[in-house]
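Chain residues, written in single-letter form:
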Amino acid sequence: MSDFLIYLPFLAAAAIVFIYALHRVRCPDCGASLPKFYSPLRKTQRMWRAGGYLCAQCGCETDTAGRRVTADTPLPPIPVRQWALVGVLLMVALGLLTAGWFIAGRAVAAPPVVAAPVVALPQQAPPVAPVN
Ligand SMILES: [Zn+2]
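Residues numbered from 1 in each chain as written. Predicted model: local features only at pLDDT ≥ 70, side-chain atom pairs only at ≥ 80, totals over all residues. Heavy atoms only, no water.

Chemist: Give me the overall build of the protein chain: which residues, what numbers.
Modeler: The helix and strand tally for the protein chain stands at four helices and two strands. Reading the helices (α) and strands (β) of the protein chain from amino to carboxyl end gives α-α-α-β-β-α. The globule rule puts the C-alpha radius of gyration for 132 residues at 14 Å, and the 34 Å found for the protein chain is more than 25% above it. C-alpha atoms of the protein chain, sized along the principal axes, occupy 125 × 35 × 30 Å. (Helix = DSSP H or I, 4+ residues; strand = E, 2+ residues; numbered from the N terminus. Rg over C-alpha atoms; globule rule 2.2 N^0.38 Å.)

Chemist: Any details on the nonpolar core? Residues and values, ideally.
Modeler: Within the largest apolar cluster, ten residues are counted, these being V25, C27, A32, L34, Y38, M47, Y53, L54, C55 and C60. Those residues in contact with L34, other than ones at most four positions away along the chain, are R24, V25, R26, C27, Y53, L54, C55 and T62. (Core = buried A, V, L, I, M, F, W, Y, C linked by side-chain atoms within 4.5 Å. Buried < 20%, exposed > 50% of the residue type's maximum accessible area, 1.4 Å probe, protein only. Contact = heavy atoms within 4.5 Å.)

Chemist: Describe in detail the coordination of the zinc ion, supporting the description with residues and values.
Modeler: Only C27 (SG), C30 (SG), C55 (SG) and C58 (SG) from the protein coordinate the zinc ion, and they sit 2.2 to 2.3 Å from it. Taken together, the four donor atoms coordinating the zinc ion span angles of 105 to 116° at the metal, a pattern that classifies the geometry as tetrahedral. With relative accessibility at 4%, the residue C27 sits in the buried group. Residue C58 is classed as partly exposed on the basis of its relative accessible area, which comes to 40%. (Donors = N, O, S within 2.8 Å, 3.2 Å for Na, K, Ca; no water. Tetrahedral: all angles 85-135°; square planar, octahedral: opposite > 155°, others 65-115°.)

Chemist: Would you mind going over the state of the cysteines in detail, with residue names and values included?
Modeler: Tallied over the entire structure, the rule returns zero disulfides. With no disulfide of its own, C60 has C27 as its nearest cysteine by sulfur position, at a separation of 4.3 Å. (Disulfide = S-S within 2.5 Å.)

Chemist: Residues and numbers for the domain arrangement of the protein chain, please.
Modeler: By the assigned domains, the protein chain splits into domain 1 (20–75) and domain 2 (76–106). Using C-alpha coordinates to define each centre, domain 1 is positioned 31 Å away from domain 2. (Domains from an automatic or database assignment.)

Chemist: Outline the pattern of salt bridges, supporting the account with residue identities and numerical values.
Modeler: Applying the stated criterion to the full structure yields two salt bridges. In this structure, R68 and D29 form a salt bridge, with 3.3 Å as the shortest nitrogen-oxygen distance. Placement of R68 in the loop between β2 (61–62) and α4 (80–108) and of D29 in the loop between α2 (8–22) and α3 (45–50) is noted, with a sequence separation of 39 residues between them. Of the residues examined, R68 reaches a relative accessible area of 52% and is grouped as exposed. (Salt bridge = Lys/Arg side-chain N within 4 Å of Asp/Glu carboxyl O.)

Chemist: Now, about the packing of aromatic side chains: what can you tell me, with residues and values included?
Modeler: Per the counting criterion, the structure on display carries one aromatic pair. Each ring, one from W101 and one from F102, has its centre 5.3 Å from the other, and the planes form 50°; the classification is tilted. The exposed category is assigned to W101, whose relative accessible area is 60%. Here the guanidinium or amino end of K36 rests over the ring plane of Y20, the centre of that ring lying 4.4 Å away. Positioned above the aromatic ring of W48, the side-chain terminus of K43 is 4.8 Å from the ring centre. (Phe/Tyr/Trp six-rings, centres within 6.5 Å; stacked < 30°, edge-to-face > 60°. Lys NZ or Arg CZ within 6 Å of the ring centre and 35° of its normal.)

As structure tokens, then:
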């Protein structure tokens, strides 16, 4: 049972990826299934900023909800709050990693305990019996 619990986070991540892969968005023009991943060279400025899809068959560009985006659709504003939150979370993670690194380094860098060398005590030779 405890072995199963070890794999639980990985199973949860796999389930999330599986659910994401099952979610399909259709092109509003031709009805083709829109691909999940794109080459960074094919992404438009809007896709970089706000996400969305680009139909491989007809070239129709949609937003993340699958609605058609035209050329005169204004670009959404840059999500300043989201980027600020990402920056703050990265700084917190960096601080926690640094603190953990220092704590672990202090524990490792503790002075090594050196055992006193074992010195054999001199033994007295057994008395020699007188020879007569
Ligand atoms: Zn299409």
